Amino acid sequence: MNADLFSQAPPADAPPVDDWDLDERDGVNIYDAQAEADGLAQLPAETQEILAERHIEHLAQVEEVRHVHVCCKPMRDYQVAAVDGAFQAWNGKPKTETDAAIPPSNSTLMVMATGTGKTRSAFGVVERLRQEGLMGKVLFLAHREELIFQAARAWKEISGEDAEIEMADLHADSMFPKSVRVSSVQTQNAGKRVRRMTFADPADYGLVIIDEAHRGVSETYLRTIAHYTQNPNLRILGLSATPDRSDEKPLGQVFKTVAYHYEIPDAINDGWLVPI
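Residues numbered from 1 in each chain as written. Predicted model: local features only at pLDDT ≥ 70, side-chain atom pairs only at ≥ 80, totals over all residues. Heavy atoms only, no water.

(A) A look at the overall build of the chain. Tallying secondary structure elements over the chain gives eight helices and seven strands in all. A burial count over the chain gives 49% of its 276 residues as buried. Of the contacts formed within the chain by residues at least 6 apart in sequence, a portion of 75% connects residues at least 24 apart. With an accessible surface of roughly 13,800 Å², the chain has 53% of that area assigned to carbon and sulfur atoms. (Helix = DSSP H or I, 4+ residues; strand = E, 2+ residues; numbered from the N terminus. Buried < 20%, exposed > 50% of the residue type's maximum accessible area, 1.4 Å probe, protein only. Contact = heavy atoms within 4.5 Å. Areas by Shrake-Rupley, 256 points an atom, 1.4 Å probe, with all protein chains shown as cover.)

Below, the structure written as structure tokens:
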């Protein structure tokens, strides 16, 4: 299989691709909208072969996730602080002698350096929601295949439970639903007439986690967020090591507060990262 095909533009005789942001394509789902709407038979033969091989690869990766060993590694102090910060951002904070009041907001952002465990902290939030009896389903959104499987593995390691994977040719099992679903934003937007995310009822979800949250203000993410926030009680948690965008689009249109900052100098000073 020629891997370069996943980064190339569609061939001239291919059906039109849905209106995704060009920088959001992960290759896996580039034909997904048309495959869902019109059937694989209408795609170029070369594309059908690629998708068939991809399906086999996906099934192997799903099987690998199912055999992940459950670990009981405790959260680090700063990860616990990040979880506390998320709940404080959602619940608000009264005014004190030294700090202004923080109004409650359903959407907040964790800014944590690469390698410090953003995903572990996010699933720590999920565990806390469970303990407090506040959790509906969780949707973990990312834009790359490796992030999808990484999140599924992390949830299995932490909880011992499988996550649903909704990505390209992988579909969540409606007969045996699970509490956590990981999905690519491209797949959520797939479908020319009826987008795939519309088959998910926003009322079922209590939390949407957005990995690489600096991408959260792109059109595909905004459209996905708009669907799930039809549930007024939905909470949103963004994760990012680099919250600045090159196009300077403000993240504040999605994330109303910053729950926690833990940057590279903090991790080095605490001994969790080593300076190079």
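(B) Structural context of the environment of Arg-144. Considering the arrangement of structural elements, one finds Arg-144 in the loop between β2 (137-142) and α5 (145-159). Overall, the relative accessible area of 30% leaves Arg-144 in the partly exposed class. Through-space distance from the C-alpha of Arg-144 to that of Met-167 is 9.9 Å; in sequence the pair is 23 residues apart. Side chain to side chain, Arg-144 and His-143 meet in a polar contact 3.4 Å long. (Polar contact = N/O pair within 3.5 Å; in protein donor to acceptor, adjacent residues only side chain to side chain.)

(C) Representation of unusual backbone geometry in the model. Of note, Ala-168 is a non-glycine position whose phi angle comes to about 50°, a positive value. Locating Ala-168 in the fold gives a position in the loop between β3 (164-166) and β4 (180-184). Look at Glu-212: it is not a glycine, yet its phi comes out positive at around 50°. If you trace the backbone, Glu-212 turns up in the loop between β5 (205-210) and α7 (219-228). Overall, the relative accessible area of 22% leaves Glu-212 in the partly exposed class.

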